[in-house]
Amino acid sequence: IINGGILFKDIFNIYGALSYQFNALLFLIFGDNINVLAFTGVLNSLVIILSLYLISREFLNKSISFLFTIFIMFSVVFQTFLYNSNLTYTFSVVYALSSFLISLLFLIKYLKTEKLKFLYLASFFAGISFANKYEFIFYLFVLAYTLKGIGIKNIIKSIACFLFIPLLSYFVLFIQGLNIEDVKLSVLLLRKLITAPIIKHFFTTTSLSVFNNGIYGLFAVLPILNVILFIIYRKEIIKNKALLIFILIAIAASAKSFFCLNINHMGVFLLPVSFLAAIIILNKNFERFIPIFLTALIVMFSVEDFNSLKYKDYLLTTPKGDIYTYKKDGEQIDFVADYIFKNTKSSDKI
């Protein structure tokens, strides 16, 4: 991108454009180096952690909120596989997550204070999330519901706040040279990709595998559990508008992995809000047990994180910086990279 490549025209892309544009801007300013992504990933993780703590404080006491946040650090931030919030499989999803959480925090503030500035900010950050990745698209339906009764003028302002960043992102692409035919071709390629038999096999295999993986298998049913808890405690939940909207958002946000929240995989980015919803609902009746449960989870996940580090002992040395990874991955990457460097010119396409 920093060398003039255009997303959806020269570069096939299955996510939103914003994260790539943002990272390209960082590369232009600081240089195209792995360390730029690592540093940015850590800062974004900090935003995720702080946002989750502040959201949890709207419903829980300090100690439970603190323990929940520490658990998220070890399950989402410090996880050593591809699916973590520092150096991840795609920055689209972690930028989408952080902006979604900021949006959610402002929405809760609006529901509690009825100050429209919070609603506008919630809409604005929801737009940023959507421009990065569609991961939390169902959140938009709940957000739209909260616009009810605020008047057409304020609804238009909220929609404008939401659309500002997505429109700006794609406006830049069209200024660069993207056209409607490019978009049509990109959509066609995307359709072929998501309907390919290997993709269906991949998601089926990864979903089912989590049930054979101890504690991780318990989290797989979280979205379904939240629906059951909502039904059981609906009378209490409905009395608190902010809580009602939050629970609905947690259920809606996990729709993509509703029947299997694989936190060893992409489901880990849906874990924070989904798990927080369950804790909030259960807190009233199990307040003494929850800190013990969270502490046990922290110990288990931290041990797993530190233990897995010993397997990331393969050093990948590249012109863009060095990184440690698993030997089985590193050897393949080195082999392919060496072949590409020896057998292609800088002007070739892959």
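Residues numbered from 1 in each chain as written. Predicted model: local features only at pLDDT ≥ 70, side-chain atom pairs only at ≥ 80, totals over all residues. Heavy atoms only, no water.

Enquirer: What exactly am I supposed to notice about the overall build of the chain here?
Expert: Secondary structure summary: the chain contains 16 helices and 2 strands in total. Computed over its C-alpha atoms, the radius of gyration of the chain comes to 21 Å, within 12% of the 20 Å expected for a compact globule of 350 residues. Dimensions along the principal axes, computed over C-alpha positions, put the chain at roughly 65 × 55 × 40 Å. Contacts spanning at least 24 positions in sequence make up 70% of the contacts within the chain whose residues lie at least 6 apart. Counting every atom, the chain has about 18,900 Å² of accessible surface; 69% of that belongs to carbon and sulfur. Of the side chains in the chain, 30 bear a positive and 18 a negative charge, and the two mean positions are spaced by 13 Å. (Helix = DSSP H or I, 4+ residues; strand = E, 2+ residues; numbered from the N terminus. Rg over C-alpha atoms; globule rule 2.2 N^0.38 Å. Contact = heavy atoms within 4.5 Å. Areas by Shrake-Rupley, 256 points an atom, 1.4 Å probe, with all protein chains shown as cover. Lys, Arg positive; Asp, Glu negative; His and termini not counted. Charge placed at Lys NZ, Arg CZ, Asp CG, Glu CD.)

Enquirer: In this structure, what is going on with the pairing of strand β2 (residues 321-325)? I would like to understand it.
Expert: Each regular strand displays side chains that alternate between the two surfaces of the sheet. Bridge count for strand β1 (residues 314-318) against β2 is 5 bridges, and the pairing is antiparallel. Residue pairing in the sheet places Thr-318 in a bridge with Gly-321 of β2. (Pairing = 2+ DSSP bridges.)

Enquirer: When you look at the nonpolar core in this model, what are you seeing that I'm missing?
Expert: Soluble globular proteins tend to pack their nonpolar side chains together in the buried interior. In this structure, Phe-100, Leu-107, Phe-246 and Phe-275 are the most contacted members of the largest nonpolar core, which totals 88 residues. It is helix α4 (residues 91-113) that provides the largest number of residues to this core, a total of 16 residues. What Leu-107 contacts, discounting residues up to four positions off in sequence, is Leu-119, Ala-122, Tyr-139, Leu-143, Thr-146, Ile-245 and Ile-249. Counting residues in hydrophobic clusters, the runner-up holds 6 residues, among them Leu-7, Ala-17, Leu-173 and Leu-178. (Core = buried A, V, L, I, M, F, W, Y, C linked by side-chain atoms within 4.5 Å. Buried < 20%, exposed > 50% of the residue type's maximum accessible area, 1.4 Å probe, protein only.)

Enquirer: Quick question: what am I supposed to make of the environment of Leu-189 here?
Expert: Its location among the elements puts Leu-189 in helix α8 (residues 180-194). The exposure class of Leu-189 is partly exposed, given its relative accessible area of 37%. Separated by 175 residues in the primary sequence, Leu-189 and Ile-14 have C-alpha atoms spaced 9.2 Å apart.

As far as function goes, none of this settles anything; it's purely spatial.
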